[in-house]
Amino acid sequence: MKQRTIKERLEFEGVGIHSGERAKIILHPEGEDSGVAFFKEGVKIPAKVDYVVNTFHSTDLGKDGVVVKTVEHLLATLHLLGISNLTVEVIGGDEIPIMDGSGYYFYRKLKDKVVKQNADAEVLQIQEEVVVRRGDAYIEAKPCSCFEITYEGEFQTYFGRQKYTFKGNVRDIILARTFCFEHEIEFIRKNGLGKGGSLENTLVIGKEKIYNRGGLRYQDEPVRHKVFDLIGDLYLLGASVRGKFLSHKGGHSLNFQLVKALYKKAVLV
Ligand code: ZN
């Protein structure tokens, strides 16, 4: 696999789901071995596990007091496209725009702009089984030359239990939106989050219904979105990953725990 960047700069603009502020990002092509990084107020923050400053309801990176929030959906899209060299300049606001809550807008604009570079890309291969736990949630990572992710959810609504396995087809997950349950909204708002959240960018699930007009994009959209989030968080390893993953009720915090554990054990091949 070769390293990849984009042909030309690309812009995205929109609201930050947690801050509620409008933000603009400019994606700049980069040369070989540059890696993926965020750039804001003169500070370059590599998209790596060492720079994670928060995993409560989003994955946020920071360095020298500068923070870029909610990086996971953009990183998931870059991971799926194998884009290894890119700088994301953040202008105004401190959060990546949520767009429609999925990776669709990022993917649609990026997919035809990807260019291969000459150098080989690093690919991280899981060498031995790693398991991380938090309460009754856990994530297992096993060696495999594939990239396969299963998510199992248990939801206290009519969704009940859901399980989905991603086997590499981007179309199966790219439209899956950020979601929240009606009963969580008050708690999220009390924590000063979700200020930019709306039915335009979040699937809102009530006890017996979906509030969004148009309903679901996949009948198991929430678990597909959870897979998408994990793909984004895994890219904080700094390279594409190969392995078989099973997440049982995991979220960003547990994803981060996994990434830290893998950072020590995974071997470059
Ligand atoms: Zn998400």
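Residues numbered from 1 in each chain as written. Predicted model: local features only at pLDDT ≥ 70, side-chain atom pairs only at ≥ 80, totals over all residues. Heavy atoms only, no water.

(A) Just the pairing of strand 9 (residues 86-91), in detail. Taken together, the six bridges between strand 3 (residues 22-29) and strand 9 define a ladder with antiparallel strand orientation. Note that in strand 9 the partner of Ile26 across the bridge is Glu89. Two elements, strand 4 (residues 36-40) and strand 9, share four bridges in a ladder whose sense is parallel. When the sheet's bridge partners are listed, Phe38 is paired in strand 9 with Val88. (Pairing = 2+ DSSP bridges. Helix = DSSP H or I, 4+ residues; strand = E, 2+ residues; numbered from the N terminus.)

(B) Focus on the nonpolar core. Ranked by size, the top nonpolar core spans 70 residues in total, and within it Leu27, Phe38, Ile96, Leu234, Phe245 and Leu258 carry the most contacts. There are two domains that each give this core at least three residues, and those are domain 1 (2-121) and domain 2 (124-268). If we ignore the near neighbours within four places in the chain, the residues touching Leu234 are His79, Phe147, Ile149, Ala239, Val241, Phe245, Leu258, Val259 and Leu262. (Core = buried A, V, L, I, M, F, W, Y, C linked by side-chain atoms within 4.5 Å. Buried < 20%, exposed > 50% of the residue type's maximum accessible area, 1.4 Å probe, protein only. Domains from an automatic or database assignment. Contact = heavy atoms within 4.5 Å.)

(C) Examining the sheet that holds strand 4 more closely. With mixed pairing, the five strands of this open sheet are ordered in space as 2-3-9-4-5. The open sheet has two edge strands, strand 2 (10-15) and strand 5 (43-46), and neither has a second partner. Each strand of the sheet is rotated relative to its neighbour by a mean of 25 degrees, with strand direction disregarded. Strands strand 3, strand 4 and strand 9 of the sheet are contacted by helix 1 (residues 72-81), whose axis makes an angle of about 145 degrees with strand 4. (Axes fitted to C-alpha atoms, helices over the stretch in contact; angles between N-to-C directions.)

(D) Inspection of the packing of helix 1 against helix 4 (residues 221-234) at higher detail. Direction vectors running N to C along helix 1 and helix 4 enclose 80 degrees, while the axes themselves pass 7 Å from each other. Taken together, the axis directions place helix 1 and helix 4 in an arrangement best described as roughly perpendicular. Residue-level contacts link Glu72, His73, Leu75, Ala76, Thr77, His79 and Leu80 of helix 1 to His225, Phe228, Asp229, Ile231, Gly232, Asp233 and Leu234 of helix 4. A breakdown of the residues in the contact of helix 1 with helix 4 according to their chemical character gives six nonpolar, five polar and three charged. (Parallel < 35°, antiparallel > 145°, perpendicular 65-115°, else oblique. Nonpolar A, V, L, I, M, F, W, Y, C, P; charged D, E, K, R; others polar.)

(E) Representation of the coordination of the zinc ion within the structure. Those protein atoms acting as donors to the zinc ion are His73 (NE2), His225 (NE2), Asp229 (OD) and Asp229 (OD), and they sit at 2.1 to 2.8 Å. Each of the four donor atoms bound to the zinc ion contributes to angles spanning 52 to 148 degrees, and the resulting shape is irregular. Counting gaps between the donor residues of the zinc ion yields the pattern H-x151-H-x3-D. Of the two residues, His73 sits in helix 1 while Asp229 sits in helix 4, which places them 156 residues apart along the sequence. With relative accessibility at 8%, the residue Asp229 sits in the buried group. (Donors = N, O, S within 2.8 Å, 3.2 Å for Na, K, Ca; no water. Tetrahedral: all angles 85-135°; square planar, octahedral: opposite > 155°, others 65-115°.)

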